[in-house]
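Below are the chains, spelled out letter by letter.
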Amino acid sequence: MALEITDATFEETVLKSDKPVLVDFWAAWCGPCRMVGPVIEEISSEYEGKAVVGKVDVDANQEFAAKYGVRNIPTVLVFQNGEVVGRQVGVAPKATYAEAIDALL
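A brief report on the enclosed structure follows.

Definitions and cut-offs
- Residues numbered from 1 in each chain as written.
- Predicted model: local features only at pLDDT ≥ 70, side-chain atom pairs only at ≥ 80, totals over all residues.
- Heavy atoms only, no water.
- Buried < 20%, exposed > 50% of the residue type's maximum accessible area, 1.4 Å probe, protein only.
- Helix = DSSP H or I, 4+ residues; strand = E, 2+ residues; numbered from the N terminus.
- Arc of directions from axis to C-beta.
- Contact = heavy atoms within 4.5 Å.
- Core = buried A, V, L, I, M, F, W, Y, C linked by side-chain atoms within 4.5 Å.
- Pairing = 2+ DSSP bridges.

Here's the deal with helix α4 (residues 94–102)
Taken residue by residue, α4 has Tyr97, Ala98 and Ile101 as its buried positions. Down the axis of α4, the buried side of the element spans an arc of 100°, and every buried residue falls inside it. Taken together, the buried residues of α4 touch β2 (21–26), α2 (31–46), β3 (52–57), β4 (75–80) and β5 (83–89).

Written out as structure tokens, the structure reads:
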């Protein structure tokens, strides 16, 4: 299951991770976010132990959404060594997210 990442846990979970990290910035009221949600959960299961997969609710946690310029949701950012190395705005097929992680493994 994808980790619930908050402003309080973002630095430790995402920026200090020694594995690639995929973060889904979403909100409960966002229709396209609900389409991406199950895909993110599948990615989380498939990459368990190899990558960190998490979700940030932008309504409750705005600090890092603002820091990384998340203006539209869903936005999925891929981090490696604390740096953004990939960005996908809007709904994308599962393969898009899997390829972004695979490129870093």
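Observations regarding the nonpolar core
With 20 residues, the main nonpolar core has Phe10, Val14, Leu15, Val23, Phe25, Tyr68 and Phe79 as its most contacted residues. The set of elements that each furnish at least two residues to this core consists of α1 (7–15), β2, β3, α3 (63–67) and β4. Among the elements that take part in this core, β2 stands out by supplying 4 residues, more than any other. Not counting residues up to four positions away in its chain, the partners in contact with Phe10 are Ile5, Leu15, Val23, Phe25, Val56, Phe64, Tyr68 and Phe79.

Describing the pairing of β3
Among the 6 residues of β3, 6 are classified as buried, and the element is accordingly described as predominantly covered. Side chains Val52, Gly54 and Val56 of β3 all project onto a buried face; the interleaved residues Val53, Lys55 and Asp57 project onto the opposite face, where all are buried too. Note that strand β1 (residues 3–4) and β3 share 2 bridges and pair parallel. Residue pairing for β3: Leu3 is matched across the bridge by Gly54.

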